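Below, each chain spelled out in residue letters.
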Amino acid sequence: MGFYPFSNQIINFDDKLFVMQNIKNYIEQNKQRFLDELFELLRFPSISADPKYKEDVARTATFVADKLRAAGADKVEVCPTAGHPIVYGEKIVDPNKPTVLVYGHYDVQPPDPLELWKTPPFEPTVRDGKIYARGACDDKGQFYMHVKAFELMLQTDGLPCNIKFMIEGEEEVGSDNLGVFVSENKERLKADVVLISDTSMISLENPSLETGLRGLSYVEVEVQGPNRDLHSGVYGGAVANPAIILAKMIASLHDENNHITIPGFYDDVVTLSEEEREALNKAPFDIEEYKEDLGIENVWGEKGYTTLERTGIRPTLEVNGIWGGYTGEGAKTVLPAKASAKISMRLVPNQNSNKITEIFKNHFKRIAPDTVTVSVKPHHGGEPVVTPTDSVAYRAASKAIEKSFGKAPIPTRGGGSIPIVALFEQELGIKTVLMGFGLDSDNLHSPNEKYDIANYLKGIETIPLFHKYFNELS
Ligand code: BES
Ligand code: MN
Ligand code: MN
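Described in the following lines is the structure provided in the data block. (Residues numbered from 1 in each chain as written. Chains lettered and ligands numbered in written order. Predicted model: local features only at pLDDT ≥ 70, side-chain atom pairs only at ≥ 80, totals over all residues. Heavy atoms only, no water.)

## Quick look at the coordination of the manganese ion (ligand 3)
Thinking step 1. Protein-derived coordination of the manganese ion (ligand 3) comes from Asp138 (OD), Glu172 (OE), Glu172 (OE) and His445 (NE2), at a distance range of 2.1 to 2.5 Å.
Thinking step 2. Angles of 55 to 155° at the metal separate the six donor atoms of the manganese ion (ligand 3), which places the site in the irregular class.
Thinking step 3. In primary sequence terms, the donor set of the manganese ion (ligand 3) follows D-x33-E-x272-H. (Donors = N, O, S within 2.8 Å, 3.2 Å for Na, K, Ca; no water. Tetrahedral: all angles 85-135°; square planar, octahedral: opposite > 155°, others 65-115°.)

Below is the structure:
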């Protein structure tokens, strides 16, 4: 019998217990290095949206490839695309064993507004057991758990399944070039399941698995008035002000019940049965804590639905940014020539992003008064997905979480979007398991993004168990 200094479990010759113990010991012995490597990764400003960072994004891809190679992956490659590169690597231990395709993204959202960060976004800093940095949770901290879990498996009990890694650099800008890569590499990407850690769980005490993601339709609208900015005293009151028109048009998109007013918008929405809604609302959720965390007096949303339903199973429409006229220091009296906004709609099954973009466009142009001209420019989109809960892969994930957290996960619906999930189903015919370890309160896309060290290490502990159970149950 060996000596396991970090164990509080009884060591016996039960093989399962030994595997668990090997995992725990390896993490305990290597956790500082696991953290140091993640910090190194977080120092790269891999902002995919900003062309200024193209070189940094490329350097990040090289770093990820190096780490995959060092962990033991074969055929590691930084694959160029028309945009940012995709990192690929694999380890095939036995063609008869099941294959897990791990997907993640090494690109991050822009960190601005910079002045709201307590410590710089690309200098990871630990406060109160949490790593603060852009990408800490979304998705560097989360995909890197898979790289370290892979290393751990190879260094301890071996790989229970074949693994393929595909880590992309354009997720935060709509994965424009991933579709081509996937359809050109169908054979290489062949797998039995896609495993993604890029979503949230309720908490370490209440682990959960997201079983659905919303789709996305994203447009930019512009309201054009006069042919130039005008003196607001000389012309104001006599010429339509595009900023006011835009504000009114946007305001009209919701009615008094916060229902979206675009005709046909809800036509394809799948409504859930009372039982399904009841199950969804059973997930632990503290509305007071939610309001307190966000600093709001009250929540808002579509009448007749709970907060969990509003973000999980109902489509929504948001203004992501709005501008026009003078926004600098002091006061300038001006009637702006134009005003713009970036509008997104989150979609649920069975809505289709192209169709929604089209009906938005028609509606928005139709409600424009004849004093202005309106243009609508579509950006990227993505389709909603529901992932199965009766599959071998879901059961493996559920069992893995139960083993490492001591509690079976609750299925939940996520509000965010990962458009590639629908694409995997369509192009490769593979379903996904969303085994995320982040928290909704991790400030994704916000200043002071964070990831708990505890979640990072718990993820590294849970992932090898997924592979083990996936192999056993397959
Ligand atoms: N990881 C997020 C998506 C997410 C976050 C899903 C939390 C569930 C819970 C992903 O990186 C993301 O931000 N996606 C974008 C869409 C993309 C097309 C820019 C999003 O949801 O806004
Ligand atoms: Mn992400
Ligand atoms: Mn994101």
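## Some words on the sheet that holds strand β17 (residues 450–452)
The strands making up a sheet associate through hydrogen bonds between their backbones, and the pairing can be parallel or antiparallel.
Thinking step 1. The strand order across the open sheet built from three strands is β4-β5-β17, with neighbouring strands paired in antiparallel fashion. The sheet is open, and its two edges are formed by β4 (125–127) and β17, each paired on a single side. Ignoring strand direction, the axes of neighbouring strands in this sheet form an average angle of 30°.
Thinking step 2. As paired strands, β4 and strand β5 (residues 130–132) are joined by three bridges and run antiparallel to one another. Paired with Thr125 across the strands is Tyr132, a residue of β5. (Pairing = 2+ DSSP bridges. Helix = DSSP H or I, 4+ residues; strand = E, 2+ residues; numbered from the N terminus. Axes fitted to C-alpha atoms, helices over the stretch in contact; angles between N-to-C directions.)

## With respect to the sheet that holds strand β11 (residues 316–324)
Thinking step 1. Across the sheet, which stays open at both edges, the four strands sit in the order β11-β12-β10-β13 with antiparallel pairing between neighbours. Edge positions in the sheet fall to β11 and β13 (373–382), since each has one partner strand and no second. For this sheet, the mean angle separating the axes of adjacent strands, direction not counted, is 20°.
Thinking step 2. As judged from the eight bridges shared by strand β10 (residues 215–224) and β13, these two strands associate in the antiparallel manner. For Glu222, the partnering residue across the bridge sits in β13 and is Ser375.
Thinking step 3. Taken strand by strand, helix α5 (residues 242–251) contacts β10, β11, β12 (338–347) and β13, and its axis lies near 15° from that of β12.
Thinking step 4. Contacts between helix α9 (residues 353–366) and the sheet are confined to β10, β11, β12 and β13, with β13 contributing the most and set at about 165° to the helix. (Contact = heavy atoms within 4.5 Å.)

## Some points on the site of ligand 1
Thinking step 1. Within the structure, ligand 1 sits among 18 residues, and Glu171, Asp198, Arg346, Ser417 and His445 are positioned closest to it.
Thinking step 2. Separating a nitrogen atom of ligand 1 from a side-chain N or O atom of Asp198 is a distance of 2.8 Å.
Thinking step 3. For ligand 1, whose free accessible area comes to 520 Å², the fraction covered by protein is 92%.
Thinking step 4. Its residues assigned to classes, the shell around ligand 1 shows five nonpolar, seven polar and six charged.
Thinking step 5. Each of domain 1 (2–213 + 385–473) and domain 2 (215–269 + 315–382) gives at least three residues to the shell around ligand 1. (Near = heavy atom within 4 Å. Polar contact = N/O pair within 3.5 Å; in protein donor to acceptor, adjacent residues only side chain to side chain. Areas by Shrake-Rupley, 256 points an atom, 1.4 Å probe, with all protein chains shown as cover. Nonpolar A, V, L, I, M, F, W, Y, C, P; charged D, E, K, R; others polar. Domains from an automatic or database assignment.)

## Remarks on the coordination of the manganese ion (ligand 2)
Thinking step 1. Every protein donor of the manganese ion (ligand 2) is accounted for by His105 (NE2), Asp138 (OD), Asp198 (OD) and Asp198 (OD), and the metal-donor separations fall at 2.0 to 2.4 Å.
Thinking step 2. Classification of the site at the manganese ion (ligand 2) rests on its six donor atoms, whose angles at the metal span 57 to 166°, yielding the label irregular.
Thinking step 3. Motif for the manganese ion (ligand 2), donor spacing along one chain: H-x32-D-x59-D.
Thinking step 4. Here the manganese ion (ligand 2) and the manganese ion (ligand 3) are spaced 3.6 Å apart, linked through Asp138, which binds each one. Placement of the pair is His105 in strand β3 (residues 99–105) and Asp138 in the loop between β5 and α3 (140–155), with a sequence separation of 33 residues. Accessibility assignment for this pair places His105 and Asp138 in one class, buried. (Buried < 20%, exposed > 50% of the residue type's maximum accessible area, 1.4 Å probe, protein only.)

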